[in-house]
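Read off the chains here:
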Amino acid sequence: MNKPKRGGKPKGQKQMHAPESAQKSGDPMMELRKRIAELSRSKEMLERMNASIQDEIEKITRHHLIFSRKLLEMLENDRRDLAMMLYDYAGQVLIGLKMDLEELEKKGLGGDVLESVGAAKEKTSDLIEFIRKTSRKLRPTVLDNLGLVPATRSLVNDFEKRIDARIDFFSAGMEKRLAPEKETTLFRILQESLENSVRYASADRIYVSLIKIGDRVLLSVEDDGNGFDSDVLSGGSNTGTTGIALMKERTVQAGGEFWIESQPGKGTSVMAEIPAD
Ligand SMILES: Nc1ncnc2c1ncn2[C@@H]1O[C@H](COP(=O)(O)OP(=O)(O)O)[C@@H](O)[C@H]1O
Ligand SMILES: [Mg+2]
């Protein structure tokens, strides 16, 4: 082994070791320059590779955004079509059927027949109510006609009828309507959050707020229920949940940010902030 000789250089001057091959070839400076040139070529190559990987990532991200936007649009259009078909067609036919049954009732039928007609009328009414609710859940007309705040109020009322919990709704600065796709985004996030609170939280109170601050709109849904370990969601592993993933995706599509915070026993809070314009 070549041990460096002590005292070979003046004090203070840094000793440079050329590679073994250079020492053999005899001109360490030239070999050093060669190595530096090689390293700088490798560095350039790595930089080029890095740039092309970045390009690829950007391309994939762009494709993903476009693709998921299309999927969300399709989902929303299908829901709207289905809601209209259910309400405008099936609903109307059933309303007609109910009126026919009422006509029959008036015709002074015998006891048994009258009873059967009455029962059929009741079943028809149940079906009309079911169709009305399902159609509203798919795509509430109030959202298109009156906007996000009245649609939120109506959704909160529907949920309050289903559960024991009290839901408080507060809104501020929301006088002007948002673009339809933004209203849809926030409405769907609200719907999913309330559904989750009702399904999993066993909460006593749920607080919903919709606030416009400057050029941002903030939706927040908080419950005081069971909670869960929301850290598992950020672990990067595929948790298999779709509701929360879809809420995030919708927020990203709207150019906003999404947070969900929860701990077992400490309730859950969901927040989505998107640009108003
Ligand atoms: N408000 C909540 N309170 C308690 N647990 C919740 C709440 N929201 C979500 N979770 C938990 O997070 C999981 C994932 O929710 P989500 O992504 O909406 O999927 P899904 O509702 O289909 O299970 C739920 O299964 C539930 O365990
Ligand atoms: Mg869910």
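The structure under discussion appears in the preceding block.
Report on the accompanying structure. All residue numbers refer to position in the chain's written sequence, counted from 1. A letter from A marks each chain and a number from 1 marks each ligand, given out in the order of writing. Since the coordinates come from a predicted model, pLDDT governs what is reported: local features require at least 70, and pairs of side-chain atoms require 80 or more to be given and counted, while whole-chain, interface and lining totals use all residues. The side-chain figures draw on all heavy atoms in the structure; neither hydrogens nor water molecules are used.

## What to know about the coordination of the magnesium ion (ligand 2)
Step number 1: The rule for donors is simple: N, O or S, within 2.8 Å of the metal, or within 3.2 Å if the metal is Na, K or Ca. Water isn't counted, so a site may look like it is missing partners. Within the protein, the atoms that donate to the magnesium ion (ligand 2) are Glu 192 (OE) and Asn 196 (OD1), at distances of 2.1 to 2.2 Å. Here Glu 192 and its partner Asn 196 are both found in helix H6 (residues 180-201), 4 residues apart, which amounts to about one turn of the helix. Helix numbers and strand numbers start at the N terminus; a helix is a DSSP run of H or I with at least 4 residues, a strand a run of E with at least 2.

## Looking at the site of ligand 1
Step number 1: Proximity is defined per residue: any heavy atom of the residue falling within 4 Å of a molecule or strand makes that residue near it. Near ligand 1 lie 14 residues; those nearest to it are Glu 192, Asn 196, Tyr 200, Asp 223 and Ile 244.
Step number 2: Polar contacts, as counted here, are pairs of nitrogen or oxygen atoms within 3.5 Å of one another; within protein the pair requires one atom able to donate a hydrogen and one able to accept it, and residues that are adjacent in sequence qualify only if both atoms are side-chain atoms. Contact between ligand 1 and Asn 196: an oxygen atom at 2.8 Å from a side-chain N or O atom of the residue.
Step number 3: Computed with the Shrake-Rupley method and a 1.4 Å probe, the accessible areas treat only the protein chains shown as cover for residues. The protein chains hide 79% of the 540 Å² of surface that ligand 1 would expose on its own.
Step number 4: Looking at the shell around ligand 1, the elements with two or more residues in it are H6 and helix H7 (243-253).
Step number 5: The greatest single-element share of the shell around ligand 1, amounting to 6 residues, is contributed by H6.
Step number 6: Residues are grouped as follows: Ala, Val, Leu, Ile, Met, Phe, Trp, Tyr, Cys and Pro are nonpolar; Asp, Glu, Lys and Arg are charged; all remaining types, including Gly, are polar. Residue classes in the shell around ligand 1 are distributed as 4 nonpolar, 7 polar and 3 charged.

## As for the sheet that holds strand E1 (residues 166-172)
The pairing of strands in a sheet comes from backbone hydrogen bonds and takes either a parallel or an antiparallel form.
Step number 1: Following DSSP output, two strands are said to pair if at least two bridges run between them. Pairing is mixed across the open sheet formed by 5 strands, whose spatial order is E1-E2-E3-E5-E4. Either end of the sheet is taken by a strand with one partner, and the two such strands are E1 and strand E4 (257-262). This sheet shows a mean twist of 10° between the axes of neighbouring strands, independent of strand direction.
Step number 2: When strand E2 (residues 205-213) meets strand E3 (residues 216-223), the two strands line up antiparallel, connected through 8 bridges. Its bridge partner lying in E3, Ser 209 is registered against Ser 220.
Step number 3: On the sheet, helix H5 (residues 148-162) packs against E1 and E2 and is oriented at approximately 175° with respect to E1.
Step number 4: Contact between two residues is taken to exist if any of their heavy atoms lie within 4.5 Å; hydrogens are not considered. Every axis in this analysis is a line fitted to C-alpha atoms, fitted for helices over the stretch in contact. Angles between the N-to-C directions lie between 0 and 180 degrees. Contacting E4 and strand E5 (268-275), H7 crosses the sheet at an angle of about 150° to E4.

## A closer look at the environment of Glu 129
Step number 1: With respect to the helices, strands and loops of the structure, Glu 129 is situated in helix H3 (residues 111-138).
Step number 2: In the structure, Glu 129 is positioned 38 residues away from Gly 91 in sequence and 8.9 Å away in space, judged by C-alpha atoms.

## Details of the nonpolar core
Step number 1: Definition used in this section: a nonpolar core is a set of buried Ala, Val, Leu, Ile, Met, Phe, Trp, Tyr and Cys residues joined via side-chain atoms within 4.5 Å. Relative accessibility under 20% of the residue-type maximum defines a buried residue, over 50% an exposed one, and the middle range a partly exposed one, all with a 1.4 Å probe and only protein chains included. Leu 186, Leu 194 and Val 208 are the most contacted members of the largest nonpolar core, which totals 36 residues.
Step number 2: Elements that contribute at least two residues to this core include exactly helix H4 (141-145), H5, H6, E2, E3, H7, E4 and E5.
Step number 3: Sequence-distant contacts of Leu 194, defined by excluding residues within four places in its chain, comprise Leu 155, Val 156, Phe 159, Ile 167, Ile 206, Val 208 and Val 221.

## Overview of the pairing of E2
Step number 1: One ladder, built from 7 bridges, connects E1 with E2; its direction is parallel. Residue pairing for E2: Arg 166 is matched across the bridge by Arg 205.
Step number 2: Crossovers are described as right-handed under a simple rule: with the strands pointing away from the observer, the path leading from the first strand over the helix to the second runs clockwise. For the crossover from E1 across H6 to E2, the handedness is left-handed.
Step number 3: The loop that links E2 with its antiparallel partner E3 comprises 2 residues; one of these, Gly 214, has a positive phi angle of about 60°.

## Some details on H5
Step number 1: Multiplying one less than the number of residues by 1.5 Å gives the expected span of a helix. Here H5 is 15 residues long and its end C-alpha atoms lie 21 Å apart, about the 21 Å a rise of 1.5 Å per residue gives.
Step number 2: Restricting attention to buried positions, one finds in H5 the residues Leu 148, Val 149, Ala 151, Thr 152, Leu 155, Val 156 and Phe 159. Here the buried residues of H5 occupy an arc of 155° about the axis, which is enough to place them on one side.
Step number 3: Contacts made by the buried residues of H5 are with H4, E1, H6 and E2. As used here, the arc is the angular range of directions from the helix axis to the C-beta atoms.

## Comments concerning a nonpolar patch on the surface
Step number 1: Each patch is built from residues lacking any salt bridge and having more than 30% relative accessible area; the joining distance is 9 Å for like charges and 5 Å for nonpolar side chains (Val, Leu, Ile, Met, Phe, Trp, Tyr). Here, a salt bridge means any side-chain nitrogen of Lys or Arg that lies within 4 Å of a carboxyl oxygen of Asp or Glu. On the surface, Met 45, Leu 46 and Met 49 cluster together to form a nonpolar patch covering roughly 310 Å² of accessible area.
Step number 2: Here Leu 46 shows up in helix H2 (residues 28-106).
Step number 3: On the basis of relative accessible area, Leu 46 is assigned to the exposed category, the value being 54%.

## Describing the side chain of Arg 139
Step number 1: The topology assignment puts Arg 139 in the loop between H3 and H4.
Step number 2: A residue is classified by how much of its surface remains accessible, and Arg 139, at 5% relative accessible area, is buried.
Step number 3: Within the local environment of Arg 139, its side chain forms a polar contact with the side chain of Asp 144, the two groups lying 2.6 Å apart.
Step number 4: Excluding its chain neighbours within four sequence positions, the residues that come into contact with Arg 139 are Glu 76, Arg 79, Arg 80, Ala 83, Asp 144, Thr 184 and Arg 188.

## Quick look at the packing of H2 against H7
Step number 1: Look at H2 against H7: their axes get within 10 Å of each other, and the N-to-C directions meet at 110°. For the element pair H2 / H7, the angle class is roughly perpendicular. Residues His 64, Leu 65, Ser 68, Arg 69, Leu 72, Leu 75, Glu 76 and Arg 79 of H2 lie in contact with H7, whose contacting residues are Leu 246, Glu 249, Arg 250, Val 252 and Gln 253.
Step number 2: When the residues that make up the contact of H2 with H7 are grouped by side-chain class, the tally is 5 nonpolar, 3 polar and 5 charged. Angular relationships are summarised with four words: roughly parallel below 35 degrees, roughly antiparallel beyond 145, roughly perpendicular across 65 to 115, and oblique for the angles in between.

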